[in-house]
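Commentary on secondary and tertiary structure
One letter stands for each residue in the lines below.
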Amino acid sequence: MEVGERLTFRATFAAHEYFFCSKECREQFIASSEEYVAPDGTAPRR
Ligand SMILES: [Zn+2]
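Predicted model, so just to flag it, every value in this text is computed and none were measured.

Turning to the overall build of the protein, a few remarks are in order. From N to C terminus, the protein includes one helix and two strands. In the protein, the succession of α and β elements from N to C terminus is β-β-α. By the burial criterion, 0% of the 46 residues in the protein qualify as buried. Of all intrachain contacts in the protein linking residues separated by at least 6 positions in sequence, the fraction that spans at least 24 positions is 18%.

As C-alpha coordinates, then:
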(Lines give C-alpha, C1' and ligand atoms only; values in the text may rest on other atoms or scores of the structure.)
Protein backbone atom coordinates (compact mmCIF):
# COMPACT_ATOMS: atom_id res chain seq x y z
CA MET A 1 0.00 0.00 0.00
CA GLU A 2 1.38 3.37 -1.04
CA VAL A 3 1.31 5.82 1.81
CA GLY A 4 0.05 9.29 0.86
CA GLU A 5 2.59 10.46 -1.64
CA ARG A 6 0.64 13.72 -1.81
CA LEU A 7 1.61 14.43 1.78
CA THR A 8 5.28 14.52 0.87
CA PHE A 9 4.80 18.05 -0.42
CA ARG A 10 5.44 19.69 2.87
CA ALA A 11 8.01 21.90 4.50
CA THR A 12 8.79 23.02 8.01
CA PHE A 13 9.45 26.70 8.46
CA ALA A 14 9.63 28.71 11.69
CA ALA A 15 8.49 25.65 13.63
CA HIS A 16 5.34 25.39 11.53
CA GLU A 17 4.55 22.65 9.09
CA TYR A 18 3.17 23.57 5.71
CA PHE A 19 1.62 21.35 3.09
CA PHE A 20 1.54 22.03 -0.60
CA CYS A 21 -0.43 20.79 -3.57
CA SER A 22 2.65 20.15 -5.65
CA LYS A 23 6.42 20.02 -5.66
CA GLU A 24 6.49 23.33 -7.52
CA CYS A 25 4.37 25.08 -4.88
CA ARG A 26 6.59 23.69 -2.12
CA GLU A 27 9.78 24.85 -3.80
CA GLN A 28 8.30 28.26 -4.49
CA PHE A 29 7.42 28.60 -0.83
CA ILE A 30 10.90 27.58 0.27
CA ALA A 31 12.49 29.97 -2.21
CA SER A 32 10.55 32.92 -0.83
CA SER A 33 9.33 31.76 2.56
CA GLU A 34 10.15 35.12 4.13
CA GLU A 35 7.37 36.60 2.04
CA TYR A 36 4.86 34.13 3.42
CA VAL A 37 5.81 33.87 7.07
CA ALA A 38 8.05 35.99 9.22
CA PRO A 39 11.00 34.19 10.87
CA ASP A 40 9.23 34.22 14.22
CA GLY A 41 6.20 32.50 12.73
CA THR A 42 3.88 35.48 12.65
CA ALA A 43 1.91 36.44 9.60
CA PRO A 44 3.58 38.63 7.01
CA ARG A 45 2.91 42.32 7.32
CA ARG A 46 2.23 42.95 3.67
ZN1 LIG B 1 -0.26 24.98 -5.09
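So, on to the environment of Phe9. Inspection of the secondary structure assignment puts Phe9 in the segment before strand 1 (10–13). Residues within four places of Phe9 in sequence aside, it is in contact with Phe19, Phe20, Cys21, Ser22, Lys23, Cys25 and Arg26.

In this section: the environment of Phe29. Locating Phe29 in the fold gives a position in helix 1 (residues 23–31). For Phe29, a count of 18 C-beta atoms within 10 Å gives the class partly exposed. Phe29 sits 18 residues away from Ala11 along the chain, and the two C-alpha atoms are 8.6 Å apart.

This part takes up the environment of Lys23. Tracing the backbone through its elements, the reader meets Lys23 in helix 1. Each C-alpha atom, one on Lys23 and one on Thr8, is 8.6 Å from the other, the two residues being 15 residues apart in sequence.

Relative to strand 2 (residues 16–19), strand 1 runs antiparallel, the two sharing four bridges. Opposite Thr12, over in strand 2, you have Glu17 as the bridge partner.

Let us now look at the confidence of the model for the protein. The predicted model of the protein has a mean per-residue pLDDT of 75, with 59% of residues at 70 or higher. Taking the mean pLDDT of every element in the protein, the minimum, 85, falls on strand 1 and the maximum, 89, on helix 1.

Here is what the cut-offs are and how they apply
- Residues numbered from 1 in each chain as written.
- Predicted model: local features only at pLDDT ≥ 70, side-chain atom pairs only at ≥ 80, totals over all residues.
- Helix = DSSP H or I, 4+ residues; strand = E, 2+ residues; numbered from the N terminus.
- Buried ≥ 20, exposed ≤ 12 C-beta atoms within 10 Å, placed from the backbone.
- Contact = placed C-beta atoms within 7 Å.
- Pairing = 2+ DSSP bridges.
- pLDDT = per-residue confidence, 0-100.

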